[in-house]
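Architecture at a glance
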Amino acid sequence: MHHVKWHRAAAAAGAVGLSVLLVACGGSRGDAKAGGSLTVERVVELAREVGKDGAEKCPLPYDVGAAAKAAKMDGTIEPAPPASKTADTPVTAEDGSERPEEGTAWAVNPGALVSCSYRTGGDALEIHTIGGKKRGVVSIMAPVIQRASGMSASELAPYVTGASGKQPGEPVATGSGNVVTVRLDSGGEGDVALVLTVGDSGKTSLERGQVLELARTFASQAK
């Protein structure tokens, strides 16, 4: 399967330019309160359950029907392999929590990633749930955010810094409107975040407000 390798390459690319953000955000404890949380340990556990071969069903409790209703969407959201064709299954994962590969972002902030992919109309919809032992885990998703949003490198760093500094539950949309990042309640340990991408910059049928509402709903379901 190629999806894991792709994420490792993306993480490595982000590690060089954005590792400073991971270090700057610092600290091994998050600022979220315990209760109804999605812990880093749980993300790692789910990533291991998905494994290198991927899975057909998202292991996180995302109710896409409820999210579509909240966002007032027409049509349905159905599981589908990633639009990037990096995997044959709708769900992929990467475990970088133990002995992470040198040179990758996991080496700076060990953790795990679970990605659940869907199609809605002509758009690819991907929910990336990532956890790390330190604050600043959004940095690891920088290549994914940049690819989907089409933002420049000079726009990317401030976006990642801003999203990393938000309180859990506060969504941050890119200028393109098709990518939203939300830090999640990690139970006070480490850092967990959700990155939602819908289509590509300028090529999504959803309005900015709909993407934001989807992200808010998925974030409220992530426990």
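The model shown is predicted, which means the values in this text are computed figures rather than measured ones.

**Description of the nonpolar core**
Generally speaking, a soluble globular protein has its nonpolar side chains buried in company with each other. Counting residues in each nonpolar core, the largest one holds 40 residues, and the members touching the most others are Leu-125, Leu-196, Leu-214 and Phe-218. Listing elements by their share of this core, those giving two or more residues are α2 (40–50), α3 (64–70), β2 (91–96), β3 (111–120), β4 (123–132), β6 (179–184), β7 (191–198) and α7 (208–221). Setting aside its immediate chain neighbours within four residues, Leu-125 contacts Ile-77, Cys-116, Ser-117, Tyr-118, Thr-120, Leu-196, Thr-197, Val-198, Leu-214 and Phe-218. Ala-105, Val-138, Val-144 and Ile-145 belong to the second-largest nonpolar core, a separate cluster that totals 21 residues.

**Things to note about the packing of helix α5 (residues 142–149) against helix α6 (residues 153–164)**
One can describe the packing of α5 onto α6 by two numbers: an axis separation of 10 Å at closest approach and a directional angle of 125°. Here α5 lies oblique to α6, going by the angle between them. Handedness of the α5/α6 crossing: right-handed. Taken together, the residues of α6 that come into contact with α5 (itself represented by Ala-142, Ile-145 and Gln-146) are Ala-153, Leu-156, Tyr-159 and Val-160. Residues of the contact of α5 with α6, tallied by class, amount to six nonpolar, one polar and no charged.

**A few points about the side chain of Gln-221**
Note that Gln-221 resides in helix α7. Here the side chain of Gln-221 touches Asp-63 through a polar contact of 2.8 Å, landing on its backbone nitrogen.

**Section: the pairing of β7**
For β7, the tally of buried residues reaches eight of eight residues, placing the bulk of the element in the interior. On β7, burial covers both faces: Asp-191, Ala-193, Val-195 and Thr-197 on one face and Val-192, Leu-194, Leu-196 and Val-198 on the other are all buried. Of the pairings in the sheet, the one linking β4 to β7 comprises eight bridges and is antiparallel in character. Bridging from a neighbouring strand, Gly-131 pairs with Val-192 of β7. Bridge analysis of β6 against β7 gives six bridges, and the strand direction is antiparallel. Looking across to β7, one finds that Val-179 is bridged to Thr-197. In this antiparallel pair of consecutive strands, β6 and β7, the connection spans six residues, and Gly-187 shows a positive phi of 75°.

**Overview of the packing of aromatic side chains**
Counted by the stated rule, this structure contains one aromatic pair. Look at Tyr-62 and Phe-218: their rings are 5.5 Å apart centre to centre, the planes differ by 70°, and that puts the pair in the edge-to-face class. You can see Tyr-62 sitting in the loop between α2 and α3 and its partner Phe-218 sitting in helix α7, a full 156 residues away along the chain. The pair Tyr-62 / Phe-218 is uniform in exposure class, with both members buried.

What counts and what doesn't
Residues numbered from 1 in each chain as written. Predicted model: local features only at pLDDT ≥ 70, side-chain atom pairs only at ≥ 80, totals over all residues. Heavy atoms only, no water. Core = buried A, V, L, I, M, F, W, Y, C linked by side-chain atoms within 4.5 Å. Buried < 20%, exposed > 50% of the residue type's maximum accessible area, 1.4 Å probe, protein only. Helix = DSSP H or I, 4+ residues; strand = E, 2+ residues; numbered from the N terminus. Contact = heavy atoms within 4.5 Å. Axes fitted to C-alpha atoms, helices over the stretch in contact; angles between N-to-C directions. Parallel < 35°, antiparallel > 145°, perpendicular 65-115°, else oblique. Left-handed = near helix turned anticlockwise from the far one by under 90°. Nonpolar A, V, L, I, M, F, W, Y, C, P; charged D, E, K, R; others polar. Polar contact = N/O pair within 3.5 Å; in protein donor to acceptor, adjacent residues only side chain to side chain. Pairing = 2+ DSSP bridges. Phe/Tyr/Trp six-rings, centres within 6.5 Å; stacked < 30°, edge-to-face > 60°.

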